[in-house]
Amino acid sequence: MNTLPPEAFAANRGQRAEAIGDPRLDWWRAAKFGLFIHWGLYAIPAGEWKGEAIPGIGEWIMHRARIPVAEYEPLAAQFNPVKFDAAEWVSLAKRAGQKYLVITSKHHDGFCLYKSDLTRYNMVDSTPFGRDILAELAAECARQGIRLGFYYSQTQDWHHPDGDGNDWDYDESKKDFGGYIENYVKPQVTELLTNYGPICLIWFDTPKGISEAQSRSLLDHVHQLQPDCLVCGRVGNALGDYASAGDNKIPSMAVDADWETPATINDTWGFKTDDHNWKSATDLVRKLVDIVSKGGNYLLNIGPTAEGIIPQPSVERLEAMGAWLDVNGEAIYGSKRGPIQGLPWCRTTRKPGHIYVHVFDWPADGTIRLPALDGPVTGAYLLGDPARTALPLSQQNDGLIIGGPAAAPDPVASVIVLTSE
Ligand code: FHN
């Protein structure tokens, strides 16, 4: 059954009954780890407007500072990310062990990173750079073998007179939101799903007051254009192919549904000069393990600068995650939520014939004590040990005792493989 802890999913439920068990999601279920990219005009002010630091997440600066369209729109004329390198961005995702990449085609500020025929407020028609970011990323993703998805803000659009959210330029009571969905959002989704090859998913966001009929028509529209393209639960009204947890929210227990946590490495999504609150690589690896042990996917964000540079602290952390996954990826990719839940010092994942115990806090005497498992355990070894040296194992009625080395084999998370065949 589809049970979603309400504290984690709130307005972002989703997953149509018919999508549960749907093989279109098989690649996504196995992938576990993706790269989110928030990039747009907001990277230019980077958290500061007219000399004043604007609190909150960087991509919301237009809203937080109530910047009129007439003042925000000219940022496009300054957007010249000469250091943008699609090959390098995709290569970073690969080095991190991420299997899919999701980039903001249009965020709430309404600016499009691609050539749209619906508005000139786009990367090709309004910036000195003049290159289609999505086209370059699509080519690189195809070349390097990583799936590409697009974030698209379907409800909020602070630039479009009929989009939701901008009440400082436009009179909310006069907006034709239905017309905006039909005549702007849907044609833009058509562009995204016809001009860039196979798209693995559309990541709609902040559904707010979108009607059920409008959410459904977007869902159907995506599936008509590309039947295999997944739709994130934030399309609204409990629709979508999989559920989205709240930002940076990890449910307290395993969830029997297809779900994903979108998350930041520091606090902001879009680049902000003064956000230095970086999570450690250890914390990030453990969050990945925690999410996967509960059956979810981790979509971890970067916010490149206005020049097109990925902040170095993000690069270092993603590479550290990739190094851990190089050794321990078998326990993550293609795994399912584990049989032991609720222990503070470890997490578990499983595959047929294997249970993976991810130990965060290695016991001082090297002895791992686990509760009883269903079914026999025939062997144990450390995943990081190329020789697969058998660890001493004893099974008692109330549990399993494994003799490990005295010191933690991996200070981030040491993975013990338990075999049952
Ligand atoms: O408002 C957005 C926010 O800017 C960011 O895109 C996140 C990513 O999940 N989604 C919304 C808030 O939940």
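Structure report, in brief. It should be emphasised that the depicted structure is a prediction, and the values quoted were computed from it without experimental measurement.

## Concerning the pattern of salt bridges
Link 1 in the chain: Applying the stated criterion to the full structure yields 28 salt bridges.
Link 2 in the chain: We note a salt bridge from Asp258 to Arg29, for which the minimum N-O separation is 2.7 Å. With a gap of 229 residues between them, Asp258 in the loop between β8 (243-244) and β9 (259-263) and Arg29 in helix α2 (residues 26-31) connect regions that are remote in the sequence. Each of the two residues, Asp258 as well as Arg29, counts as buried.
Link 3 in the chain: A salt bridge links Asp125 to Arg120; the nearest nitrogen and oxygen atoms lie 3.9 Å apart.

## As for helix α7 (residues 133-144)
Link 1 in the chain: Taking 1.5 Å of rise per residue, the 12 residues of α7 would be expected to cover 16 Å, and the 16 Å separating its terminal C-alpha atoms lies within 8% of that figure.
Link 2 in the chain: Within the sequence span of α7, burial applies to Ile133, Leu134, Leu137, Ala138, Glu140, Cys141 and Gln144.
Link 3 in the chain: Looking at the buried positions of α7, the neighbouring elements they touch are α5 (86-96), β4 (100-106), α6 (123-126), β5 (147-152) and α8 (177-194).
Link 4 in the chain: The backbone nitrogen of Leu134 lies 3.0 Å from a side-chain oxygen of the residue at the head of α7, namely Asp132.
Link 5 in the chain: One or two steps after α7, the chain reaches Gly145, where phi turns positive at roughly 75°.

## Here's the deal with the state of the cysteines
Link 1 in the chain: In the structure shown here, the tally under the stated rule is zero disulfides.
Link 2 in the chain: Lacking any disulfide linkage, Cys229 is separated from the closest cysteine sulfur, that of Cys200, by 7.0 Å.

## With respect to the site of the ligand
Link 1 in the chain: The environment of the ligand is made up of His38, Glu59, Trp60, His107, His108, Tyr151, Trp203, Asp205, Thr206, Arg234, Asp247 and Trp269.
Link 2 in the chain: Between the ligand and Arg234 there is a distance of 3.1 Å, counted from an oxygen atom to a side-chain nitrogen or oxygen.
Link 3 in the chain: Here an oxygen atom of the ligand and a side-chain polar atom of Asp247 are 2.7 Å apart.
Link 4 in the chain: Broken down by class, the residue content of the shell around the ligand amounts to four nonpolar, four polar and four charged.

## Focus on the sheet that holds strand β6 (residues 201-204)
Link 1 in the chain: In spatial order, the strands read β7-β6-β5-β4-β1-β10-β9-β8; together these eight strands make up an open sheet with parallel pairing. Single-partner strands in this sheet number two, and they are β7 (230-231) and β8.
Link 2 in the chain: The sheet contacts of α5 involve β1 (33-37) and β4, and relative to β1 the element is tilted by about 150°.
Link 3 in the chain: Here helix α11 (residues 312-328) sits on the sheet in contact with β1 and β10 (296-302), set at roughly 150° to β10.

## Here's the deal with the packing of aromatic side chains
Link 1 in the chain: The final tally for this structure, using the stated rule, is 20 aromatic pairs.
Link 2 in the chain: Arranged with centres 5.5 Å apart and planes meeting at 25°, the rings of Trp39 and Phe84 form a pair that is stacked. One end of the pair, Trp39, is in the loop between β1 and β2 (48-49); the other, Phe84, is in the loop between α4 (69-72) and α5, and 45 residues separate them in sequence.
Link 3 in the chain: On the basis of relative accessible area, Trp39 is assigned to the buried category, the value being 2%.
Link 4 in the chain: Overall, Phe84 belongs to the buried group, its relative accessible area being 5%.
Link 5 in the chain: Both rings, one in Tyr151 and one in Trp203, keep their centres 5.9 Å apart while their planes meet at 15°; by these two values the pair is stacked. In this pair, Tyr151 sits in strand β5 while Trp203 sits in strand β6, placing the two residues 52 residues apart along the sequence. Each of the two residues, Tyr151 as well as Trp203, counts as buried.
Link 6 in the chain: Here the aromatic cluster, defined as three or more aromatic residues joined through ring pairs, consists of Trp39, Phe79, Phe84, Trp89, Phe111, Tyr121 and Phe129.
Link 7 in the chain: Across from the ring centre of Tyr333, 4.4 Å away, lies the NZ or CZ of Lys99, which sits over that ring.

Rules behind the numbers
Residues numbered from 1 in each chain as written. Predicted model: local features only at pLDDT ≥ 70, side-chain atom pairs only at ≥ 80, totals over all residues. Heavy atoms only, no water. Salt bridge = Lys/Arg side-chain N within 4 Å of Asp/Glu carboxyl O. Helix = DSSP H or I, 4+ residues; strand = E, 2+ residues; numbered from the N terminus. Buried < 20%, exposed > 50% of the residue type's maximum accessible area, 1.4 Å probe, protein only. Expected span 1.5 Å × (residues − 1). Contact = heavy atoms within 4.5 Å. Polar contact = N/O pair within 3.5 Å; in protein donor to acceptor, adjacent residues only side chain to side chain. Disulfide = S-S within 2.5 Å. Near = heavy atom within 4 Å. Nonpolar A, V, L, I, M, F, W, Y, C, P; charged D, E, K, R; others polar. Pairing = 2+ DSSP bridges. Axes fitted to C-alpha atoms, helices over the stretch in contact; angles between N-to-C directions. Phe/Tyr/Trp six-rings, centres within 6.5 Å; stacked < 30°, edge-to-face > 60°. Lys NZ or Arg CZ within 6 Å of the ring centre and 35° of its normal.

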